[in-house]
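Analysis of the macromolecular model
One letter stands for each residue in the lines below.
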Amino acid sequence: MGGPAVTVPIAGLPGWSEAEAEALLSGVARHLDPRVLERPAQAPWLRTIGPALARRGRSHTETVADAFTAWRLPETGLLTAYYEPVIAASRHRTGPFQTPIYRRPQDLVRVPARAGLPGDGTWARQAGDGRLEPYPDRAAIRGGALAGRGLELAYVADPVDAFFAQVQGSARLSLTDGGEMRIGYHGKTGHPYTAIGRVLIDRGWLPEGGATMQSIRAVLAANPGIVDETLNANRSFVFFRERPLGDPALGPVAAGGVPLVPRRSLAVDRTRIGLGTPIYVETDLPDIGSFAAATIAEDAGSAIVGPARGDLFIGTGDAAGDIAGRVKAAATWTMFLPRGIAP
């Protein structure tokens, strides 16, 4: 972890309260469902923590203090944020709705890491004779590599909207027929992810340090001639599947197997932190100010690497997106683990 984590008094955490303890306990409880426990990367201690969380007349803060130890990570963490966009869409290609949202192709497979495949070597196209080869990248797919295969879930009007749905990993589609469709991540081509904000900075379209979702969208809207080359600079391409709409107050079901909770669900590096782990985050958020809250590791992302790196789910819609697109802040991380377990 880049240095030893140290224990800190739970009661001394900024903003710690009965409400924060209740949020922590309800977050952990979401991961105790047997179906969730069977999912990959869940924290192994979840299988035995249940009895320790029985309140037995105790307050929420007393239950947390009896069941957990708080470990302060030595590194200053980096917090970004994400959200669930709401995008106008059509079930059929018509009028302005020309950009497809694709479901995962059957010949895209997850494989043990191997040389000769892009990125981390774990995604490939399986040819008819069983050979594995690199999957077409974003430019090829946008150029028609998947056309005619019936993979289109829906169509949107703006390719930039489709791109940012892939970055966020989910979206709600507001359909022209009056319905709604929720879509969630279901695989990727495996090509390395390239941040197009960095591309725009390097090409002189944005100042150093000036890349936010809002500034990227503004540059692309004002310069439609650079949209294709900018989007294609990120060769990674994400596929979706339709997901249940569920509770409109909650986000999509993510890697952790539970619906995301606004400002409580955190995407983490699940090779370093088990899903279902409570993490107390102290930082500052745009339009909110000081933020100190119990979050739960409930999602993952290819850009989220390291024990003190997190991506906070803000919510659904434009207001959430306005905040999420501007979050890039130093943060203090405190991990809660059952008594007797160290990081």
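Everything numeric here is computed off the predicted structure, so don't read it as measured data.

Right, let's talk about the overall build of the chain for a bit. Of the regular secondary structure elements, the chain holds ten helices and 17 strands. On C-alpha atoms alone, the chain measures out to a radius of gyration of 21 Å, which is about the 20 Å that the 2.2 N^0.38 rule sets for 343 residues. Its C-alpha atoms give the chain principal-axis dimensions of roughly 60 × 45 × 45 Å. The buried share among the 343 residues of the chain stands at 51%. Intrachain contacts of the chain at a sequence separation of at least 6 include 75% that bridge at least 24 residues. Accessible surface computed for the chain: about 15000 Å², of which carbon and sulfur atoms make up 53%. Averaging the locations of the 36 positively and 34 negatively charged side chains of the chain gives two centres separated by 5 Å.

Quick look at the nonpolar core now. Side chains of a nonpolar character, in soluble globular proteins, are inclined to be buried together. One finds F68 and F336 to be the most contacted residues of the largest nonpolar core, which totals 64 residues. Contacts of F336, omitting those with residues within four sequence positions, involve I10, L13, W16, L24, W45, V64, F68, T69, A70, T277, P278 and Y280. Core analysis: the next-biggest nonpolar cluster, separate from the first, contains 15 residues, I101, A171, L173 and I183 among them.

Inspection of the secondary structure puts T277 in the loop between β13 (265–268) and β14 (278–285). Between the C-alpha atoms of T277 and E38, which are 239 residues apart in sequence, the distance is 15 Å.

Below, the discussion takes up helix α4 (residues 60–67). Taken residue by residue, α4 has H60, T63, V64 and A67 as its buried positions. Taken around the axis of α4, the buried residues stretch over an arc of 95°, which confines them to a single face. Structurally, α4 contributes buried residues whose contacts are with α1 (18–30), β2 (68–72) and β17 (328–338).

This paragraph deals with the sheet that holds strand β5 (residues 99–102). Taking strand neighbours across the sheet as the criterion, the six strands line up as β5-β9-β4-β10-β11-β12 in an open arrangement whose pairing is mixed. Pairing within the sheet leaves two strands with one partner each, and these edge strands are β5 and β12 (238–243). Looking at each pair of strands side by side, their axes are set apart by 45° on average, direction ignored. Both strand β4 (residues 86–90) and strand β9 (residues 152–156) contribute to a ladder of two bridges, which runs antiparallel. Each residue of the ladder has a partner; that of S90, found in β9, is Y155.

So, on to the packing of helix α6 (residues 159–168) against helix α8 (residues 213–222). For any two helices packed against each other, one specifies the crossing angle of their axes together with the interaxial distance. α8 packs onto α6 with a crossing angle of 160° between their chain directions and a minimal axis gap of 12 Å. Classified by the angle between their axes, α6 and α8 sit roughly antiparallel to one another. With respect to the hand of their crossing, α6 and α8 are arranged in right-handed fashion. Here V160, D161, F164 and Q168 of α6 come into contact with α8, specifically with M213, I216, R217 and L220. Within the contact of α6 with α8, the residues separate by chemical class into five nonpolar, one polar and two charged.

What counts, and where the lines are drawn
Along each chain, the written sequence defines residue order, and numbers are assigned to residues from 1. Side-chain atom pairs in this predicted model are given and counted only at pLDDT of 80 or more, local residue features only at pLDDT of at least 70, and totals for whole chains, interfaces and linings cover all residues. Excluded from the side-chain calculation are hydrogens and water; included are all heavy atoms of the structure. Here a strand is any run of E in DSSP of at least two residues, a helix any run of H or I of at least four, and the numbering for each starts at the N terminus. For a compact globule the rule gives 2.2 Å times the number of residues to the power 0.38, and the radius of gyration it is set against comes from C-alpha atoms. Residue burial is assigned from relative accessible area. The probe radius is 1.4 Å, only protein chains are included, and a residue is buried under 20% of its type maximum, exposed over 50%, and partly exposed in between. Every residue pair with non-hydrogen atoms within 4.5 Å of one another is taken to be in contact. A 1.4 Å probe and the Shrake-Rupley method give the accessible areas. Residues count as covered only by the protein chains that appear here. Charged residues are defined narrowly, with Lys and Arg counted positive, Asp and Glu counted negative, and His plus the chain ends left uncounted. Working definition for charges: the position is that of NZ of Lys, CZ of Arg, CG of Asp or CD of Glu. Here, the term nonpolar core denotes a set of buried Ala, Val, Leu, Ile, Met, Phe, Trp, Tyr and Cys residues that are joined through side-chain atoms within 4.5 Å. Directions are taken from the helix axis to each C-beta atom, and the arc is the one they span. Note on pairing: two strands pair once DSSP finds at least 2 bridges between them. Lines are fitted to the C-alpha atoms to define the axes, a helix being fitted only along its stretch in contact, and any angle between axes, read from their N-to-C directions, falls within 0 to 180 degrees. Angular relationships are summarised with four words: roughly parallel below 35 degrees, roughly antiparallel beyond 145, roughly perpendicular across 65 to 115, and oblique for the angles in between. Here a crossing is called left-handed whenever its near helix is offset anticlockwise from the far helix by less than a right angle, and right-handed whenever the offset is clockwise. When residues are grouped by polarity, Ala, Val, Leu, Ile, Met, Phe, Trp, Tyr, Cys and Pro land in nonpolar, Asp, Glu, Lys and Arg in charged, and all others, Gly among them, in polar.

The quantities given are spatial measurements derived from coordinates; they are silent on function.
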